[in-house]
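Overview (structure and organization)
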Amino acid sequence: MFIKRLPFIVAAIVLGFLSSRFVVGWYTTIPWVIATPIVGYLSKTRRDSLINGGVFGYVRFLAYTSSGDRGKTDTKSILLFIGFTLVFSLVGAIAGVVGGFVGNWLNGVVKGKG
């Protein structure tokens, strides 16, 4: 199971890291909006597209916030950062599920099933 999702996890980490380093502002979302439906398109089933999209969105946002963090190292700041990262990574997972669904739907349209 994990091996099937590994390419999407690696792509999410790379995209999250590159977005935090080289893209500033709301422009960060442009590569995300392009990449997430691709994950759904490349998945074999609708169920896989939803799971892969969710994992991709969660890991992408986790990598983005973790690689871009330059905060303090005191305990309170670390705990707040962990809470922030976990909550907003869940939002990223929800966006990933939606993107995965869209990609799966596009796959059906292209292949004449939708």
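The text that follows walks through the structure, step by step, so that each part is easy to find. (Residues numbered from 1 in each chain as written. Predicted model: local features only at pLDDT ≥ 70, side-chain atom pairs only at ≥ 80, totals over all residues. Heavy atoms only, no water.)

Before going further, it helps to examine the nonpolar core. F8, I9, A12, L15, W32, A35, V39, F56, V59 and F61 form the largest nonpolar core, which has 10 residues in total. Elements represented by at least two residues in this core include exactly α1 (2-22), α2 (29-42) and α3 (46-68). Looking at which element gives the most residues to this core, the answer is α1, with four residues. Residues within four places of V39 in sequence aside, it is in contact with F8, N52, G53 and F56. (Core = buried A, V, L, I, M, F, W, Y, C linked by side-chain atoms within 4.5 Å. Buried < 20%, exposed > 50% of the residue type's maximum accessible area, 1.4 Å probe, protein only. Helix = DSSP H or I, 4+ residues; strand = E, 2+ residues; numbered from the N terminus. Contact = heavy atoms within 4.5 Å.)

For the pair α1 and α3, interaxial distance at closest approach is 7 Å and the crossing angle is 35 degrees. Our pair here, α1 against α3, has a crossing hand that is right-handed. Grouping the amino acids of the contact of α1 with α3 by side-chain chemistry returns 13 nonpolar, six polar and five charged. (Axes fitted to C-alpha atoms, helices over the stretch in contact; angles between N-to-C directions. Left-handed = near helix turned anticlockwise from the far one by under 90°. Nonpolar A, V, L, I, M, F, W, Y, C, P; charged D, E, K, R; others polar.)

Per the stated rule, a full pass over the model turns up six aromatic pairs. With centroids separated by 6.1 Å and ring planes inclined at 45 degrees, the aromatic side chains of F61 and Y64 adopt a geometry described as tilted. With F61 and Y64 both in helix α3, this residue pair falls three residues apart, about one helical turn. Residue class for F61 comes out buried when judged on its relative accessible area of 14%. (Phe/Tyr/Trp six-rings, centres within 6.5 Å; stacked < 30°, edge-to-face > 60°.)

What follows is about the side chain of R60. By the secondary structure assignment, R60 is in helix α3. With a relative accessible area of 4%, R60 lands in the buried category. Beyond its immediate chain neighbours, meaning those up to four positions away, R60 contacts A12, L15, G16, W32, T36 and G92.

What follows deals with the environment of L6. With respect to the helices and strands, L6 occurs in helix α1. Residues L6 and S20, 14 residues apart in the sequence, show an inter-C-alpha distance of 21 Å.

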